[in-house]
Amino acid sequence: MITADRMAAVDANAAALGVPRKQLMESAGNAIAREVRTIADPGATVTVVCGRGNNGGDAFVAARFLSEYDVRVRLLGRSESISTAIARENWDALDAAEIDAEAVVDPTGEPDRLALWDADVIVDAMLGTGVSGPLREPERTVAKRITEAASGTDTAVLAVDVPSGVDADTGEIAVGPDGERVAVPADRIVTFHDAKPGLASATDAEATVAVADIGIPDAAELFTGPGDLLGLDRDPMSHKGDHGEVLIVGGGPYTGAPTLAARAALRAGADLVHVACPESIAREVQGFSENLIVHGFPGEILEPEHLDRISELASGRDVVVFGPGLGDADPTLTAVERFLEAYDGRAVIDADALQVVPNVETDATLVCTPHQGELRAMGGPSADDWRERSDLVREFAADLGQTVLVKGAYDVITDGENLRVNRTGNPGMTVGGTGDVLAGAVGAVACTQRPLQAAAIGAYANGRAGDLVVEDQGYGLVATDLIDRIPEAVRTDA
Ligand SMILES: NC(=O)C1=CN([C@@H]2O[C@H](COP(=O)(O)OP(=O)(O)OC[C@H]3O[C@@H](n4cnc5c(N)ncnc54)[C@H](O)[C@@H]3O)[C@@H](O)[C@H]2O)[C@@H](O)CC1
Ligand SMILES: [K+]
């Protein structure tokens, strides 16, 4: 099953891998034509109702494939309202090839009512995953006419990707201004790449759903890519705080780590970043950036007696990043353990704090970010080959019941069920501090995204930032270089 958002991400990742959407549309159109051939007898009349977007574009390709076949194809739609470049190109290709397809310009007009009435097969390519809200005009009237034309007749209705008007994720049909829920009633659905969660409940359950492979490589789903960043697109109406508040709990033996994590969290898009660290280093941490809100607790390391203060700071924050630079003194590890026992929010756990996680009962939702050594310290698996490691880490994460991001040349990211692998980054990033940057970035993204997605985006962005640095200046990067490039690395319009 794939949701519409994930499909958009995978589609963009496929494009980045060299398989552009127009190519996918070609395969989609071909698949529609094949379905039509299985249901239409020679000489049949096939009326294809084409929408403005890429769902309609798929149908233009289908019409081209059907031109070789013994059926009469009629296209209902308005070519002047085509709204995407690739749908337009496929329309133009039909036109230029002088394919004998009847284009009818006003789908609500009387002649077109007839075009639906005498069709043997109606192909519904009005709207696919791009639908929002109840069908508007003219699609609303057309959907009603398809319903009339198909009820009590032999006319077969084949929906392209999703029956028009149905939400592909939920199966819901929105109530229109007339109080009615209007969608195209499909007998068959040819959907692309993977089943959509809403399709099972979309129709009267009698509809058969065929999933057509359209050539999206597995790598577009497995490997992180620019498509994964799409979820970070910002609503122009957003308010302060919408993109999250992060608390970094770190520092003690190390002063740089919490600061790197905190600055990375800001650059990765968090609205506010707090740092809780020992008083002994608070002034130094603050000195690194006036954009941070620093809270010192007494002494030189984190101890259980500080937990009231930490819990107070954690409540009201969206995500806590626990670990950078805390060290592994016994009182510190005890404090981490007690914190997790009581905490039920979202947290990113890094560095020495990780070893506590397998032994603690917690209601918190965690993203653990170990390198391979830290994973072993957690009792986790080790394997040289990243594919083998992926399978083992997935099992480990499933047992842990948390999301795990294992850093390496290929970062393995899994929630125990789904698996992603990140290939961005380079050997320059073995320098100290890059892991702290990653933890901070994941923390920021986890304010708005699910844990698996936050880990995937954090890993992709951190590695991409490192690649941008090395592209410009060669190796010799330091962790702070990465932080400065994170905004560029998470740009969705690059
Ligand atoms: N990788 C992919 O995601 C692929 C998608 N493809 C096709 O592309 C489709 C999605 O294309 P688009 O994103 O262009 O979206 P659609 O073609 O589903 O619809 C977009 C159009 O519908 C209009 N619209 C939205 N809600 C409406 C409503 N309630 N009433 C009337 N009009 C409404 C929009 O203004 C827009 O013009 C998929 O369903 C599939 O058929 C294929 O080409 C293959 C690859
Ligand atoms: K459709």
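The residue count restarts for each chain, going from 1 along the sequence in the order it is written. Each chain takes a letter, starting from A, and each ligand takes a number, starting from 1, following the order in which they are written. In keeping with the model being predicted, local features are shown solely for residues with a pLDDT of at least 70 and side-chain atom pairs are shown and tallied solely at 80 or more, while totals for entire chains, interfaces and linings include all residues. The side-chain quantities take in all heavy atoms of the structure and omit both hydrogens and water.

**Let's talk about the UniProt feature "binding site: AMP" (unreviewed entry) in the chain**
So, point 1. UniProt positions are given in the numbering used here, feature names are shortened, and annotations may be inferred rather than shown by experiment. As annotated in UniProt, the feature "binding site: AMP" (unreviewed entry) corresponds to Gly435 in the numbering used here.
So, point 2. The numbering of helices and of strands both runs from the N terminus, where a helix is a DSSP run of H or I of at least 4 residues and a strand a run of E of at least 2. Position of Gly435 relative to the elements: it lies in helix α14 (residues 434-445).
So, point 3. The rule is simple: take the accessible area with a 1.4 Å probe, protein chains only, and divide by the maximum for that residue type; under 20% is buried, over 50% is exposed, in between is partly exposed. Exposure remark for Gly435: the relative accessible area of 17% places this residue in the buried category.

**Observations regarding the nonpolar core**
The nonpolar side chains of soluble globular proteins are, as a tendency, buried together.
So, point 1. In this text, buried Ala, Val, Leu, Ile, Met, Phe, Trp, Tyr and Cys residues form a nonpolar core when linked through side-chain atoms within 4.5 Å. Residues Ile248, Val273 and Val437 are the most contacted members of the largest nonpolar core, which totals 54 residues.
So, point 2. For this core, the secondary structure elements donating two or more residues are β8 (245-249), α8 (256-267), β9 (272-278), α9 (279-288), β11 (319-322), α14, α15 (451-473) and α16 (479-489).
So, point 3. Sorting elements by how many residues they give to this core places α15 first, with 12 residues.
So, point 4. With residues near it in sequence (within four places) discarded, Ile248 still touches Pro258, Ala261, Ala262, Val273, His274, Val275, Ala276, Val321 and Pro324.
So, point 5. Among the nonpolar cores identified, the runner-up in size contains 40 residues, and Leu24, Cys50, Val73 and Ala87 belong to it. Here, two residues are considered to be in contact whenever any of their heavy atoms come within 4.5 Å of each other.

**Quick notes on the sheet that holds β9**
So, point 1. The criterion for strand pairing is that DSSP finds at least two bridges linking the strands in question. Taken in spatial order, the 9 strands of this open sheet run β10-β9-β8-β11-β12-β13-β14-β15-β16, and their pairing is mixed. One side of each edge strand has no neighbouring strand; the edge strands of this open sheet are β10 (293-297) and β16 (419-422). The mean inter-strand angle of the sheet, taken between neighbouring strand axes irrespective of direction, is 15°.
So, point 2. Lines fitted to the C-alpha atoms define the axes, with helices restricted to the stretch that makes contact. Angles between their N-to-C directions range from 0 to 180 degrees. Across the sheet, helix α10 (residues 307-314) is in contact with β8, β9, β10 and β11; its angle to β8 comes to roughly 160°.

**Side note on the packing of helix α5 (residues 110-117) against helix α6 (residues 139-150)**
So, point 1. Contact pair α5 / α6: the axes reach a minimum separation of 9 Å and the direction vectors enclose 45°. In terms of axis orientation, α5 runs oblique to α6. Judged by the twist between their axes, the crossing of α5 over α6 is right-handed. On α6, the residues that touch Arg113, Leu116 and Trp117 of α5 are Arg145, Ile146, Glu148 and Ala149.
So, point 2. Each residue belonging to the contact of α5 with α6 can be placed in one class, and the counts come to 4 nonpolar, no polar and 3 charged. Angles below 35 degrees are treated as roughly parallel, those above 145 as roughly antiparallel, those between 65 and 115 as roughly perpendicular, and all remaining angles as oblique. Take the far helix as the reference: if the near one is turned anticlockwise from it by less than a right angle, the crossing is left-handed, and if turned clockwise, right-handed. Polar here means any residue other than Ala, Val, Leu, Ile, Met, Phe, Trp, Tyr, Cys and Pro, which are nonpolar, and Asp, Glu, Lys and Arg, which are charged; Gly is therefore polar.

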